[in-house]
Amino acid sequence: MKMRAVLLVSACLVAGTSAIAADMCTDVDSCAAEVELNREKYDVTFDYRWKGLPMVRNLPPEEFPNLNWTLHTFGRFGIMLGSYLEKFDGGEYNEPVPVSPEMTTEAVMSAVYDEIVDMVAKSRVDRPRLAKMLRVAVTRLEEKIGTLSSREKKVSTEADSELATLVGKVVKKLVDTALSVLVAPNGARPSTVQGYDHIFDPLVGKLDAAQIPPRDEGALQYDQVFTRWRLSGYCPFMLRKATRKLLHDMHIDHYRGPTENLVARTHKALKDGRLFASDYEPILSKLKRGKGRYIAYVVALFEIPEDEETMKREGVVVLCVQVMKGKHLSIFTPDDSEWEWKYAKLAFNSMEANYHSGFTHIAQTHLVEEAIGLSLKRSLPSNHPIRILMDPHLYATMFINWVAEMNLVSEGGPIDLTISATIESWRAAVIDMVHDTLNGNLTFPARIESYGLTEEEFPTSFYPYREFGYKFWNPIRKYVARYLNVYYKSDADVDADPQLDSFREELLANKVGWAENWTPGKGGSLGFLTDFLTSAIFIAGPQHSVVNFPQPEMLSVPNLVPQALYSPPADRPGMYTFEEDVVNALPPLRETYLIRDTMLFLAYRDKTFVDFYSNPPYENAEARAAAKDFYGELQNIEAYMKKRNKEFVAAWDGVADDLPQKHKNNWAYELLLPSMNPMSINI
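Residues numbered from 1 in each chain as written. Predicted model: local features only at pLDDT ≥ 70, side-chain atom pairs only at ≥ 80, totals over all residues. Heavy atoms only, no water.

Q: Looking at this structure, how should I read the sheet that holds strand S5 (residues 299-303)?
A: Strands belonging to one sheet form pairs held by backbone hydrogen bonds; the direction of such a pair is parallel or antiparallel. Strands sit in the order S3-S4-S5-S6-S7 across an open sheet of five strands; the sheet is antiparallel. Edge positions in the sheet fall to strand S3 (240-241) and strand S7 (331-332), since each of these pairs with one other strand and no more. Where S5 lies against strand S6 (residues 317-322), five bridges are found, and the strand directions are antiparallel. If you follow Leu 301 over to S6, its bridge partner there is Cys 320. Those strands touched by helix H10 (residues 262-272) are strand S4 (275-279), S5, S6 and S7, and its axis lies near 120° from that of S6. (Pairing = 2+ DSSP bridges. Helix = DSSP H or I, 4+ residues; strand = E, 2+ residues; numbered from the N terminus. Contact = heavy atoms within 4.5 Å. Axes fitted to C-alpha atoms, helices over the stretch in contact; angles between N-to-C directions.)

Structure below.
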């Protein structure tokens with residue numbers, strides 16, 4: 001672990017490369033030597049915090065992101081931490097600090113690093129002094145970014161390498177220092193739910209508008225927005241067709257609340273096949289609650305409206321939220337008092353966020369790609385056509401997973417400090433989810449079918465995740481199939497490549513159980529390889545975008561989605577009748593600022609599909625032609641999605657309701673636009 005810590009603070013760089021070679025490896029000895037070297041560089045361990053999952057033991061320099069990424073992310077982090085320090089110590093300061101405009105960028109970063117080391121050694125964080133130094137450092141880094149003219153903006157000089165090293169060291173120290181600041185006792189909260197909105201005030205004028213995405217604050221006030229999140233939010237695939245058993249387990253027939261027709265309405269919707277549920281109790285029941293925090297075993301019922309216009313416009317409508325599954329007195333509906341219903345929606349959002357952070361996000365994208373990336377790089381030489389295809393889609397993924405493993409999911413790290421569950425029980429459940437995911441069919445169509453959300457089973461017109469997902473999946477698969485056909489014309493060609501046999505064995509060694517369906521000599525090898533690589537690209541790009549990039553808009557403030565509940569969940573009416581009751585269930589400011597900064601950090605986009613495929617660096621003419629045609633498909637996808645988004649918004653024209661137009665505009669679903677989709681998991 002010490003070696004990993006040393007590497008973490010070393011240069012965040014990617015070695016410059018020329019155009020990607022396009023020929024198969026013909027020198028067997030040199031290819032074998034490279035693979036052997038790669039197996040050493042990408043040594044696998046199953047013993048880090050994700051016990052039983054494959055992780056690279058020591059991160060090779062090739063896996064670090066480019067200098068542009070490093071400077072941008074440090075700048076964002078420095079601004080956010082500085083604003084936190086200023087928030088609790090009041091405004092501007094004039095104390096002399098050991099940095100000045102005359103100093104070089106490298107000298108400024110060295111001074112910041114030395115200052116932090118000194119503060120840590122003295123066990124005293126001088127917040128005003130550090131805040132001012134961060135402002136100077138961020139300004140100098142912004143100037144440095146402006147000098148990076150090439151598209152890749154890679155480390156190109158020894159001085160750049162030294163600067164990247166310094167930035168990496170400062171970021172590591174800042175993370176440690178930030179957490180030491182934040183873990184100081186602090187139970188303060190705003191006096192109102194809306195008061196949490198002001199946590200962004202210190203960032204206005206310091207981060208640009210693109211770095212502070214508009215919050216989708218309607219989810220608490222408007223039921224239409226709350227329901228839209230289930231179809232186009234950060235977990236848009238968690239609805240399942242409801243069953244009689246679920247209604248029995250909820251004790252829905254014992255409901256005696258203010259919605260007189262709830263029982264009859266649910267049974268009719270069940271009979272008609274229009275009743276769906278989001279039930280988080282099965283996974284949440286595996287978690288242990290953290291000290292001072294609570295877990296609510298939430299389940300919500302939704303129905304596809306009988307009215308066709310409402311169905312086309314909204315997809316589903318919410319019927320009720322049960323805060324504690326099985327306790328009929330904890331069923332709340334829109335007819336309950338204002339704050340009881342708002343609390344029920346907050347509790348549901350909170351538990352969905354606990355599920356999202358570990359399971360749909362880290363488990364089903366980051367850690368799945370880690371296993372695939374390790375298998376590729378340990379078994380295939382760099383000029384193998386599948387490495388050439390896949391390496392851009394694995395850019396910086398091991399790096400970001402490594403940083404997360406070292407900080408985000410560690411004891412005392414951001415997740416440990418902010419979610420409802422203990423970090424130990426949460427990590428154990430995440431590991432189980434990764435194994436389940438890797439053992440299943442990873443294709444998008446298979447996943448939609450396993451959820452029971454095909455058009456036949458979930459016949460709603462507004463479901464952009466499914467609609468746009470297929471629009472992206474199909475061209476990716478077409479491109480991958482055409483690319484592979486340049487090198488492999490048949491199953492026999494795939495079976496005859498001994499390096500692919502090594503790849504298959506490596507997948508199995510790294511617990512990718514789906515690879516057991518790849519059976520050389522029995523037919524289907526080329527089809528499996530096509531599906532597998534398409535899935536890897538889709539997960540790295542579109543799927544990760546779907547679960548990552550809603551976070552700044554939806555998860556950055558606790559008055560929309562509290563990452564934890566801080567008072568007992570409502571198992572009966574009367575517990576959250578007043579606003580102050582709800583405020584006491586929300587996170588204190590200490591955790592709130594940590595959540596804000598973590599979520600805004602995740603908003604940075606680097607290397608989109610459009611960026612790469614507009615000029616694919618393939619030397620092989622057929623491979624380049626396939627990539628260029630794929631770029632044309634991406635343009636068509638973009639145009640289609642923008643057209644449909646206008647239709648989603650226009651569906652609200654003339655609708656007489658209390659939903660403001662700014663919320664109706666959010667019916668546009670931009671998460672899968674190719675121009676906004678990074679092609680790898682690099683944040």
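Q: I would appreciate a short explanation of a negative patch on the surface in the present structure.
A: On the surface, Glu 449, Glu 455, Glu 456 and Glu 457 cluster together into a patch of negative charge. Note on placement: Glu 449 falls in helix H18 (residues 444-451). (Patch = residues over 30% accessible without salt bridge, like charges linked within 9 Å, V, L, I, M, F, W, Y side chains within 5 Å. Areas by Shrake-Rupley, 256 points an atom, 1.4 Å probe, with all protein chains shown as cover. Salt bridge = Lys/Arg side-chain N within 4 Å of Asp/Glu carboxyl O. Lys, Arg positive; Asp, Glu negative; His and termini not counted. Charge placed at Lys NZ, Arg CZ, Asp CG, Glu CD.)

Q: Looking at this structure, how should I read the packing of aromatic side chains?
A: The relation between two aromatic rings is expressed through the spacing of the ring centres and the mutual angle of the planes. One pass over the structure, following the stated rule, counts 42 aromatic pairs. Seen from their ring centres, Phe 458 and Tyr 463 are 5.4 Å apart, and the 90° between their planes marks the pair as edge-to-face. The residues Phe 458 and Tyr 463 share a single accessibility class, namely buried. Measuring from ring centre to ring centre gives 5.9 Å for Phe 528 and Phe 532, while their planes differ by 25°; the resulting arrangement is stacked. Placement of the pair is Phe 528 and Phe 532 together in helix H22 (residues 525-548), with a separation of four residues, close to one helical turn. On the basis of relative accessibility, which here comes to 9%, the residue Phe 528 falls in the buried class. We classify Phe 532 as buried; its relative accessible area is 1%. An aromatic cluster is built from Phe 237, Phe 276, Phe 444, Tyr 451, Phe 458, Tyr 463, Tyr 465, Tyr 470, Trp 473 and Phe 538, whose rings are joined through pairwise contacts. The ring of Tyr 640 has Lys 471 lying over it, and the distance from NZ or CZ to the ring centre is 4.4 Å. (Phe/Tyr/Trp six-rings, centres within 6.5 Å; stacked < 30°, edge-to-face > 60°. Buried < 20%, exposed > 50% of the residue type's maximum accessible area, 1.4 Å probe, protein only. Lys NZ or Arg CZ within 6 Å of the ring centre and 35° of its normal.)

Q: Help me understand the side chain of Gln 322 in this model?
A: Position of Gln 322 among the secondary structure elements: in strand S6. In terms of polar contacts, Gln 322 uses its side chain to reach the backbone amide nitrogen of Gly 326, at 3.2 Å. There is a polar contact of 3.0 Å between the side chain of Gln 322 and the backbone oxygen of Lys 327. Those residues in contact with Gln 322 that sit more than four places away from it in its chain are Met 250, Tyr 297, Val 298, Val 299, Lys 327, His 328, Ser 330 and Ile 331. (Polar contact = N/O pair within 3.5 Å; in protein donor to acceptor, adjacent residues only side chain to side chain.)

Such coordinate-based values are descriptive only and should not be taken to indicate function.
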